[in-house]
Amino acid sequence: MRLYWRLVGARARGQLQYKLSFGLLLLANVCFTVTELLAVLVAVRHVPHLAGWSIVEVVFLFGLSYLAFAFAELLSAGFDGFHRHVVEGTFDRVLVRPLGAFFQIFASDLALRRVGRASAGIVALAVALPALPVVWTLDRLVVLALGLASGVAIYFAIFVVGAASAFWTTQANEAVNIFTNGGNLITSYPLDVFDGWLRRLITFVVPLAFINYYPALYVLGRADPLGLPDWARLASPLAAAAALLAAGLIWSAGVRRYSSTGS
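Residue numbers here run from 1 along each chain, matching the order of that chain's written sequence. Whole-chain, interface and lining totals are the exception, using all residues; otherwise, since this is a predicted model, local features are given only for residues with pLDDT of at least 70 and side-chain atom pairs are given and counted only at 80 or more. Each side-chain value is derived from all of the structure's non-hydrogen atoms; neither hydrogens nor water enter the calculation.

## Describing the overall build of the protein chain
Along the protein chain, the regular secondary structure elements total twelve helices and two strands. When the backbone C-alpha atoms are referred to their principal axes, the protein chain occupies close to 60 × 45 × 35 Å. A total of 263 residues make up the protein chain; the buried ones form 48% of that total. In what follows, a contact means two residues having at least one pair of non-hydrogen atoms within 4.5 Å. Contacts in the protein chain between residues far apart in sequence, at least 24 positions, make up 78% of those at least 6 positions apart. Where accessible areas are quoted, they stem from the Shrake-Rupley method and a 1.4 Å probe; at the residue level, only the protein chains shown are allowed to cover. Approximately 13100 Å² of the protein chain is accessible, and the part contributed by carbon and sulfur atoms is 67%. As used throughout, the charge tally considers Lys and Arg to be positive and Asp and Glu to be negative, leaving His and the chain termini uncounted. The atoms used to mark charge sites are NZ of Lys, CZ of Arg, CG of Asp and CD of Glu. The distance from the centre of the 19 positive side-chain charges to the centre of the 13 negative ones in the protein chain is 9 Å. Strands are runs of DSSP state E lasting at least 2 residues, helices are runs of H or I lasting at least 4, and numbering of each runs from the N terminus. Only protein chains enter the accessibility calculation, which uses a 1.4 Å probe; a residue whose area is less than 20% of its type maximum is buried, one above 50% is exposed, and one in between is partly exposed.

Structure representation (structure tokens):
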């Protein structure tokens, strides 16, 4: 961890050298995410209840998803553009260094400008949490904290899978954006509003539902419309562990497959 903070600290200090550029990028990220929050509010402003969810509860879902996404995107900055390492053969340099390839890519960047993306999530939660019709007991607070941490892990795992796809094709990482940016959009709304096949996809295949929906069901005292047992509302850490394990296996398989550029 000490080495990680030294490496990303150097990257962060480099970004902060250009204060105007950094400030503008940060402001752009803030404006972008606040606009998305406003879009959600506009979509539900004339609907007192969306599939049985109040506006405050929808904002709660939005805040959890966006905050988890923002932190995952911040931590996974090193995996952005990873396909260039594979295409240009510069991944060779990573492999001959005395540290693991995953750690080197993970610690290669920390995109501070993406802190701005967390702004909408923070604002949404600051508005929604006091307004929710729940009594904040210790178990609810723990589930909320674990759900947020699990959401970060799930999104991070998807980013890693997107980067690892470059070992097979440099274009597949764009398809993975369906489950990162697209997943962030889907989880901003209650899953009840989507068709059954999509709910099953993001519950049993790509566990986006465990980022915010199932923790929210527990916090709000709701039953699962899919009919899963009550313990599923507490399964976000298990879903996150499974996602990280799958991402690690895919990454390891990709590294073993890598054979440089051949040039």
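## Description of the environment of Val115
Summarising the element assignment, Val115 is placed in the loop between α6 (101-106) and α7 (118-131). With 48 residues separating them along the chain, Val115 and Leu67 place their C-alpha atoms 9.6 Å apart. Excluding its chain neighbours within four sequence positions, the residues that come into contact with Val115 are Leu26 and Leu74.

## Considering the pattern of salt bridges
Whenever Lys or Arg places a side-chain nitrogen within 4 Å of a carboxyl oxygen from Asp or Glu, that contact is recorded as a salt bridge. Per the counting criterion, the structure on display carries one salt bridge. Salt-bridge contacts for Arg222 lead to Glu57; the nearest nitrogen and oxygen are separated by 2.9 Å. You can see Arg222 sitting in the loop between α11 (209-220) and α12 (236-257) and its partner Glu57 sitting in helix α3 (residues 55-75), a full 165 residues away along the chain. Residue Glu57 is classed as buried on the basis of its relative accessible area of 8%.

## Concerning the nonpolar core
Side-chain atoms within 4.5 Å are what join buried Ala, Val, Leu, Ile, Met, Phe, Trp, Tyr and Cys residues into a set we call a nonpolar core. Core analysis: the largest hydrophobic core is formed by 77 residues, its most contacted members being Phe60, Phe82 and Trp251. Among the elements that make up this core, the one with the highest residue count is α3 (13 residues).

## Considerations on a nonpolar patch on the surface
Patches draw on residues past 30% relative accessible area with no salt bridge. Two like charges within 9 Å are joined, as are two nonpolar side chains (Val, Leu, Ile, Met, Phe, Trp, Tyr) within 5 Å. A contiguous nonpolar patch, built from Leu3, Leu7 and Leu99 and spanning about 230 Å² of accessible area, is present on the exposed surface. On the basis of relative accessibility, which here comes to 39%, the residue Leu99 falls in the partly exposed class.

## Considerations on helix α10 (residues 196-205)
Of all the positions in α10, only Leu198, Arg199, Ile202 and Thr203 are classed as buried. End-on, the buried residues of α10 take up no more than an arc of 125°, which puts them together on one face. Seen from the open side of α10, the exposed residues pointing more than 90 degrees away from its buried face are Trp197, Phe204 and Val205. Working note: the arc is built from the helix axis to C-beta atom directions.

## Examining α11
Every helix has an expected span of 1.5 Å times one less than the residues it contains. With twelve residues, α11 should reach 16 Å at 1.5 Å per residue; the first-to-last C-alpha distance of 15 Å fits that figure. Here α11 lies mainly inside the structure; eleven of its twelve residues are buried. Restricting attention to buried positions, one finds in α11 the residues Ala209, Phe210, Ile211, Asn212, Tyr213, Tyr214, Pro215, Ala216, Leu217, Val219 and Leu220. A positive phi of about 70° marks Gly221, the residue just after α11.

## Observations regarding the packing of α3 against α7
For every element, the axis is a line fit to its C-alpha atoms; helices are fit only across the contacting stretch, and the angle between N-to-C directions ranges from 0 to 180 degrees. Contact pair α3 / α7: the axes reach a minimum separation of 7 Å and the direction vectors enclose 145°. As for how α3 packs across α7, the hand of that crossing is left-handed. For the pair α3 and α7, contact is made by Val56, Val59, Phe60, Phe62, Gly63, Leu64, Tyr66, Leu67 and Ala70 and by Ala118, Ala120, Gly121, Ile122, Ala124, Leu125, Ala128, Leu129 and Ala131, respectively. The residue makeup of the contact of α3 with α7, split by class, is 16 nonpolar, two polar and no charged. Crossing handedness follows the turn of the near helix against the far one: under a right angle anticlockwise gives a left-handed crossing, and clockwise gives a right-handed one. Each residue is assigned to one of three groups, with Ala, Val, Leu, Ile, Met, Phe, Trp, Tyr, Cys and Pro labelled nonpolar, Asp, Glu, Lys and Arg labelled charged, and all others, Gly among them, labelled polar.

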